[in-house]
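Descriptive analysis of the structure
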Amino acid sequence: MLKIQDLHVYYGMIHALKGLSFEVNEGEIITLIGANGAGKTTTLHAITGLLRPKSGKIIFDGKDLTKAPAHKIVEMGMAHVPEGRRVFQSLTVLANLKLGAYTKHSKAEVAETLEMVYDRFPRLKERASQIAGTLSGGEQQMLAMGRALMSKPRIILMDEPSMGLSPLLVSEIFDIIKSISAGGATVLLVEQNAKKALSIADRAYVMETGRIVLSGKASELMNDDSVKKAYLGE
Amino acid sequence: MSFISYLVNGVSLGGIYALIALGYTMVYGIAKMLNFAHGDVIMVGGFTVFMTMSLGGVSPAVAVLAAIIVCTLLGVTIEKVAYKPLRNATPLAVLITAIGVSYLLQNLALLIFGSNSRTFKSVVPVKAWKVNDTLTISGEAITTIVVSLVIMLALTLFINKTKIGSAMLAVSEDRGAAQLMGINVNRTISITFAIGSALAAVASVLLCSSYPQINAYTGAMPGIKAFTAAVFGGIGSIPGAMVGGILMGIIENLSRAYISSQIADAIVFSVLIIILLIKPTGIMGKKYNEKV
Ligand SMILES: Nc1ncnc2c1ncn2[C@@H]1O[C@H](COP(=O)(O)OP(=O)(O)OP(=O)(O)O)[C@@H](O)[C@H]1O
Ligand SMILES: [Mg+2]
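First, a word on scope: everything that follows refers to the structure included in this document. The structure displayed is predicted, hence computed values, not measured ones.

Quick notes on the rules
- Along each chain, residues carry numbers from 1 onward, in the same order as the chain's sequence is written.
- Chains carry letters from A onward and ligands carry numbers from 1 onward, assigned in written order.
- Given that this is a predicted model, residues contribute local features only at a pLDDT of at least 70 and side-chain atom pairs are listed and counted only at 80 or more, while totals for whole chains, interfaces and linings are drawn from all residues.
- The basis for every side-chain value is the complete set of non-hydrogen atoms in the structure, without hydrogens or water.
- Coordinating N, O and S atoms are those within 2.8 Å of the metal (3.2 Å for Na, K and Ca), and as water is not part of the atoms, a site may appear to have fewer donors than expected.
- Strands are runs of DSSP state E lasting at least two residues, helices are runs of H or I lasting at least four, and both sets are numbered from the N terminus onward.
- Buried, partly exposed and exposed residues are distinguished by accessible area as a fraction of the type maximum, computed with a 1.4 Å probe on protein chains only: under 20%, between the cut-offs, and over 50%, respectively.
- Within this scheme a cavity is a closed region of a 1 Å grid, computed over the protein atoms alone, that accommodates a 1.4 Å probe without allowing it to escape, whereas a pocket is open but has protein on both sides within 12 Å along at least five of seven lines; lining residues each have an atom within 4 Å of a point.
- Grid points are joined across faces, edges and corners, and a volume is the space filled by probe spheres set on the points.
- The residue classification treats Ala, Val, Leu, Ile, Met, Phe, Trp, Tyr, Cys and Pro as nonpolar and Asp, Glu, Lys and Arg as charged. All others, Gly included, are polar.
- Distances are taken per atom, and a residue is near a molecule or strand as soon as one of its heavy atoms is within 4 Å of it.
- Think of a polar contact as two N or O atoms within 3.5 Å of one another; within protein, one of them needs to be a possible hydrogen donor and the other a possible acceptor, and neighboring residues in sequence only count if both atoms come from side chains.
- The Shrake-Rupley method, run with a 1.4 Å probe, gives the accessible areas here. Residue values count only the displayed protein chains as cover.
- It only takes one pair of heavy atoms within 4.5 Å for two residues to be counted as in contact.
- The criterion for strand pairing is that DSSP finds at least two bridges linking the strands in question.
- Here the aromatic set is Phe, Tyr and Trp, taking the six-membered ring for Trp, and pairing holds for ring centres within 6.5 Å; pairs whose planes are under 30 degrees apart are stacked, those over 60 apart are edge-to-face, and all others are tilted.
- Whether a charge lies above a ring is judged from NZ of Lys or CZ of Arg, which has to be within 6 Å of the ring centre and within 35 degrees of the ring normal.
- Joining two parts hides part of their accessible area as seen by a 1.4 Å probe, and the buried area is that hidden amount summed over both.
- By convention in these notes, a salt bridge is any Lys or Arg side-chain nitrogen within 4 Å of a carboxyl oxygen on Asp or Glu.

Topic: the coordination of the magnesium ion (ligand 2)
Residues and elements named next belong to chain A. At this site the magnesium ion (ligand 2) is bound by Thr41 (OG1) and Glu83 (OE), with donor distances of 1.9 to 2.2 Å. Here Thr41, found in helix H1 (residues 40-47), pairs with Glu83, found in the loop between strand S6 (78-81) and helix H3 (93-100); they are 42 residues apart in sequence, far enough to count as distant. With a relative accessible area of 18%, Thr41 lands in the buried category.

Remarks on empty space enclosed by the protein
One pass over the full model with this rule turns up four cavities of 30 Å³ or more. As a volume, the largest cavity reaches approximately 50 Å³. Along its surface, the largest cavity is lined by Val74, Ala79, His80, Gly100, Arg147, Ala148 and Ser151 of chain A together with Leu180 and Met181 of chain B. For the lining of the largest cavity, the secondary structure elements donating two or more residues are S6 and helix H6 (137-149) of chain A. Class assignment for the residues of the lining of the largest cavity results in five nonpolar, three polar and one charged.

Quick notes on the site of ligand 1
Residues and elements named next belong to chain A. Surrounding ligand 1, one finds 14 residues, the nearest of these being Lys40, Thr41, Thr42, Glu83 and Gln192. Taking Asn36, its side chain carries an N or O atom lying 2.7 Å from an oxygen atom of ligand 1. Protein chains shield 63% of the accessible area of ligand 1, which is 630 Å² for the free molecule. Secondary-structure elements contributing two or more residues to the shell around ligand 1 are strand S2 (14-24) and H1. In terms of residue class, the shell around ligand 1 is made up of five nonpolar, six polar and three charged.

A short note on the side chain of Ser102 of chain B
Residue and element names in this part refer to chain B. By secondary structure assignment, the location of Ser102 is in helix H4 (residues 91-113). Residue classification places Ser102 among the buried residues on the basis of a relative accessible area of 6%. Excluding anything up to four places from it in sequence, Ser102 contacts Phe36, Ala37 and Asp40.

A look at the pairing of strand S4 (residues 55-60) of chain A
Residues and elements named next belong to chain A. Pairing between strand S1 (residues 2-11) and S4: five bridges, direction antiparallel. Following the sheet pairing, Gln5 is matched in S4 by Lys57. As defined by bridge partners, S4 adjoins strand S5 (residues 63-64) across two bridges and the pair is classed as antiparallel. By the bridge assignment, Phe60 is partnered in S5 with Lys63. Hairpin connection from S4 to S5: two residues lie between these consecutive antiparallel strands, with Asp61 at a positive phi of about 55 degrees.

Let's talk about the packing of aromatic side chains
Within this structure, the stated rule accounts for seven aromatic pairs over all chains. Relative to Tyr205 of chain A, the ring of Phe22 of chain A lies with its centre 5.3 Å away and its plane at 50 degrees, an arrangement referred to as tilted. Of this pair, Phe22 of chain A sits in strand S2 while Tyr205 of chain A is found in strand S9 (residues 203-208), placing the two residues 183 residues apart along the sequence. When its relative accessible area of 4% is taken as the criterion, Phe22 of chain A is described as buried. For Tyr205 of chain A, a relative accessible area of 8% translates into the label buried. By the ring-pair criterion, three or more aromatic residues cluster together here, those being Phe3, Tyr6 and Tyr258 of chain B. Above the ring of Tyr10 of chain A, the side-chain terminus of Lys54 of chain A is found at 4.9 Å from the ring centroid. Across the ring face of Tyr102 of chain A, the terminal group of Lys163 of chain B is positioned such that the distance to the ring centre comes to 5.2 Å.

As for the interface of chain B and chain A
The parts lose accessible area when they come together, and the size of an interface is often stated as this lost area. With 22 residues of chain B in contact, the opposing surface of chain A contributes 28 residues. Across the interface of chain B and chain A, roughly 2,200 Å² is buried in total on both sides, 60% from carbon and sulfur atoms. For the interface between chain B and chain A, the tally reads one salt bridge. Elements supplying a minimum of two residues to the side of chain B that touches chain A: helix H6 (163-173) and helix H7 (175-180) of chain B. If one sorts the elements of the side of chain B that touches chain A by residue count, H6 of chain B sits on top with six residues. In terms of residue class, the side of chain B that touches chain A is made up of 10 nonpolar, six polar and six charged.

The structure is reproduced here in C-alpha cells:
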C-alpha cells in the first residue's frame, strides 16, 4: 500500500535520511522504532509532504507521492497525527475536528464521521466547545487522533502518540490504535515506547541514524537480543 | 458638547485605522510577515477613486467599486510577485522587500501624479446630522463609523463561520498542521491579501473623504498608525486590530483637542509603549502558551 524507496532527506548540510526503504501493506500495523534523532519524524514528514526528499520515491496505492504538495495528501486517504499533537490551540475541539474533515464537502458525511469519532472518544464530545489549548495532554492526543480520523483515512501515520502520557493513558491510546486498525485502517506507528508498539504491531522496522538497520515480525523482534538491549531496556 | 464631537470624530478616525490594521494583522497572522506596503495600497485606492471620478466621470459608487477591484488585484499581485518567492527566506529579507515595494508604489505615484496634493471630492452622500445647536456630526463621520462597524462584523462572521475563515485561522496557528488537514496554504495567503487589500480600498475612500487631500504619501502615515494600532491590539489578533484601531483614533483625536495637536502623535505612541510595557503581547494578544 505504501512503499518507501531509497529516500534521502537533508536539513541543509545534515543528512537525516540516508537511503531509507520500507513497506507497509494494507491492513497492517507497522511500527517504526529508533532512538532520539534516528529520523522517524523526518520520515513521516517526508511521506506527507511537509519535507521534500532530495531523492528516492514514495509510492502510495501505486501513485508517486514524492512531489505531491502536502495539502493534497489527505484527500488521497492518508492522515498524519504529528509529533507533539499540534492541535489548533486557540480553536474549540469541534472546530479542530471539523478542520480534520476540511477536504470533505458533504455536510451529512462530516456529521456522520463526527458521530463515529465521538463514539470512539466520548471525552471529545463532552468537551466539544472547549478551547483545545486548555485540554490536558491526553485529551489533546485524543483530539489529534480524532481530527485525523475525521478525514476517514485508509492509512494513518502516528508520531509518538504516547509521548508524555501516564501509563494508564498510554494503554488507553494503544487500545485505541488497535481498534482503529480493527476498523479497517492501516497504521504506521512511530514510537519511543518500543515494548508497547511491538506488542500491537504486525511488523516492525528499527531505525538508526537515518537507516533501517533491522526489520521483521514484531513478535520476533521483541525477542531479538539487540532490540531487547537497545530499545526494551532488558 | 464639543467632547462628544471630538469623541465621535475619534471613533470615525479609529474605524479607518481599524480597517487598515485588519490588513496588517491578518497578513501578519497568516503569512507571518509585515506587509510594509499595505499603507501604500491605500494611496492607490484613493488615486483610483480620484482618477475614475475626475477623468472617467463615473459615479462615486462605481469609483469605490473600481478602487476595491484595483486594490485587491494589486495586493494579490504584490504577494505573488514579491513575497511568495521568499516564503522560506529570513523575515528580514521579506521586510526589506516589503519596504522596497512600498517605495516602488510611492515613486510610481510621484511619477504619474507629481508631488502636489490633489483635492479629493468626498464620495459620501450622507448629510451632516445636526444633533442640537452645538453638536453637528459630519456625514463622513457617520458613514465611516457605520461602514467600518458593518465591515468588522461581516469579517468576524466570515472568519468564524466559513470554511475559508477556518482555514485562515488554522494556517495562522500552525502552517504544517493546516497542510495536513488539506488546506492549501498559498491559496489561503492569497485570499488574506485580497481581503486585506479590499479593506484598505474601503479605508482609502473613507480617509480621503474625511481628509480630502491626496498625494503619493497619503497612505504612509495612516499606514504606520494602523500598524501601531495592530500592535497595540495584539498583532495577529483580529478583534485586537479592531479595538486597537478605534482606541488609537479616540486617543489621537482627544489629544489633538485637549492637549496639543503638535504632540498628539507622540502621545499616541507613548500610550502604545506603556501598554506594551504592561502587556507585551498587546491588549488582545494570545493569552496562553503552547502545551507540549
Ligand atoms: N528542522 C531541522 N533542522 C535541522 N536538523 C533537523 C531538523 N529536524 C530534525 N533534524 C535532525 O534530523 C535528525 C532526525 O530527526 P528526527 O526528528 O526525524 O528524529 P526522530 O527519530 O523523530 O527523534 P525523536 O525520537 O527524538 O522524535 C536529527 O539528527 C535531528 O537533529
Ligand atoms: Mg520524532
